[in-house]
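# Examining the three-dimensional arrangement
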Amino acid sequence: MRDRILRVANWLLARIVPEPEREPLLGDLTEELELRSRASSASAALKWYLRQFCASAPPLLWVRLTRIAWVSTTAVALLAYIAVGVVELAVNWLTSSASASAPYNPLGMLITFPMVVLIVHFATRLRRNAGIVVGTFMLVGVTAMTLWGTESVPLWYRIAYFFAGPAAAFIGSVLRWSRPGREAR
Amino acid sequence: MKREDTLGSLEHIVLLAVLRLGADAYGMTVRREIETATRRDISIGAVYATLVRLESKGFVRSQAGAPTAERGGRAKRYFHTTAAGQSALRTTHEAIVKLSGGLKGLRYT
């Protein structure tokens with residue numbers, strides 16, 4: 001029974017532990033389990049092993065997740081894209097309530113542009129390629145809106161956003177890359 | 001002082017354990033050293049996650065040892081501190097000493 005529990009726990013742990021740490025970590029656990037089995041009882045050692053298994057899983061999963069670079073880059077880019085959307089909505093709301101004109105006006109775009117540069121700049125500080133992903137999100141978003149959107153957005157606004165959005169993302173990325181100092185991952 | 005030069009509390013403890021153990025610093029011994037010194041129950045997963053982070057920061061380096069029978073034929077991974085790691089330890093220690101200096105009711109033996 002004990003051997004079967006250990007085999008299952010080892011098998012599960014081997015699935016969780018990142019590859020470079022797998023062999024040494026499982027070896028460390030086996031070595032200490034043997035030491036504890038000799039020093040106390042086998043059941044106490046097994047309890048210790050299972051406690052170790054449960055407590056080790058979350059930090060090891062986190063290590064594994066952070067090693068998948070594209071997951072964190074996409075997550076940062078997605079957050080930046082949401083931030084851009086919130087800023088755009090707020091600026092459109094402010095400019096339309098101030099001038100009592102249509103929600104889509106050049107003033108709103110002029111204000112939004114540097115803010116997008118700033119947001120992408122910060123995103124690129126966290127993940128080097130986040131700016132490129134944000135720019136791609138913007139291109140895909142505007143294209144999807146143009147093809148399938150039901151809202152009557154002026155054509156000039158769509159065309160301007162098609163170029164201005166990715167351009168702002170590009171400038172934000174370049175600003176970060178041209179700064180000396182520690183490189184983002 | 002750059003942010004990367006200072007250590008988090010677990011990083012600090014793990015790096016000190018690696019330094020204390022010297023040539024015998026590998027996952028199990030580091031975990032046991034921390035448990036003995038701090039009476040803190042720490043998981044091997046947390047130790048490895050911290051060692052991986054320290055290695056990515058350039059504060060420790062690792063090398064594989066030979067596989068042994070008592071480990072089920074698995075090799076050890078030995079860790080040792082780098083010059084940058086020792087400098088980070090000094091920086092963190094100085095910060096702690098400065099912050100705790102002159103505090104009433106806090107005495108170090």
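About the criteria used
Residues numbered from 1 in each chain as written. Chains lettered and ligands numbered in written order. Predicted model: local features only at pLDDT ≥ 70, side-chain atom pairs only at ≥ 80, totals over all residues. Heavy atoms only, no water. Axes fitted to C-alpha atoms, helices over the stretch in contact; angles between N-to-C directions. Helix = DSSP H or I, 4+ residues; strand = E, 2+ residues; numbered from the N terminus. Parallel < 35°, antiparallel > 145°, perpendicular 65-115°, else oblique. Left-handed = near helix turned anticlockwise from the far one by under 90°. Contact = heavy atoms within 4.5 Å. Nonpolar A, V, L, I, M, F, W, Y, C, P; charged D, E, K, R; others polar. Core = buried A, V, L, I, M, F, W, Y, C linked by side-chain atoms within 4.5 Å. Buried < 20%, exposed > 50% of the residue type's maximum accessible area, 1.4 Å probe, protein only. Salt bridge = Lys/Arg side-chain N within 4 Å of Asp/Glu carboxyl O.

The next thing to look at is the packing of helix α1 (residues 9–21) of chain B against helix α4 (residues 83–100) of chain B. All names here are of chain B. At a closest axis distance of 11 Å, the pairing of α1 and α4 adopts a crossing angle of 125°. As judged from the angle between their axes, α1 and α4 are oblique. Between α1 and α4 lies a crossing whose hand is left-handed. Here α1 contributes H12, L15, L16 and L19 to the contact with α4, which in turn contributes G85, Q86, L89, T92 and I96. The class makeup of the residues in the contact of α1 with α4 is five nonpolar, four polar and no charged.

Moving on, we get to the nonpolar core. Ranked by size, the top nonpolar core spans 39 residues in total, and within it L25 of chain A together with V14 and V30 of chain B carry the most contacts. Secondary-structure elements contributing two or more residues to this core are α1 (2–16), α2 (19–39) and α3 (42–67) of chain A together with α1, α2 (27–38), α3 (44–56) and α4 of chain B. When residues of this core are assigned to their parent elements, the largest contribution, seven residues, is made by α3 of chain A. In contact with V30 of chain B, not counting residues within four places along its chain, are V14, A17, V18, L21, A25 and V47 of chain B. If you look at the next biggest cluster of nonpolar residues, it comprises 16 residues, including A77, V87, V120 and A168 of chain A.

Let's shift gears to the pattern of salt bridges. Counting across every chain of the model gives twelve salt bridges over all chains. Of the charged contacts, one joins E32 of chain A and R36 of chain A as a salt bridge, the two residues approaching to 3.3 Å between their closest N and O atoms. Note that E32 of chain A and R36 of chain A are positioned in helix α2 at a spacing of four residues, about one turn of the helix. You can call E32 of chain A buried: its relative accessible area is 1%. In this structure, R32 of chain B and E32 of chain A form a salt bridge, with 3.2 Å as the shortest nitrogen-oxygen distance. You can see R32 of chain B sitting in helix α2 and its partner E32 of chain A sitting in helix α2, one on each of two chains. On the basis of relative accessibility, which here comes to 32%, the residue R32 of chain B falls in the partly exposed class.

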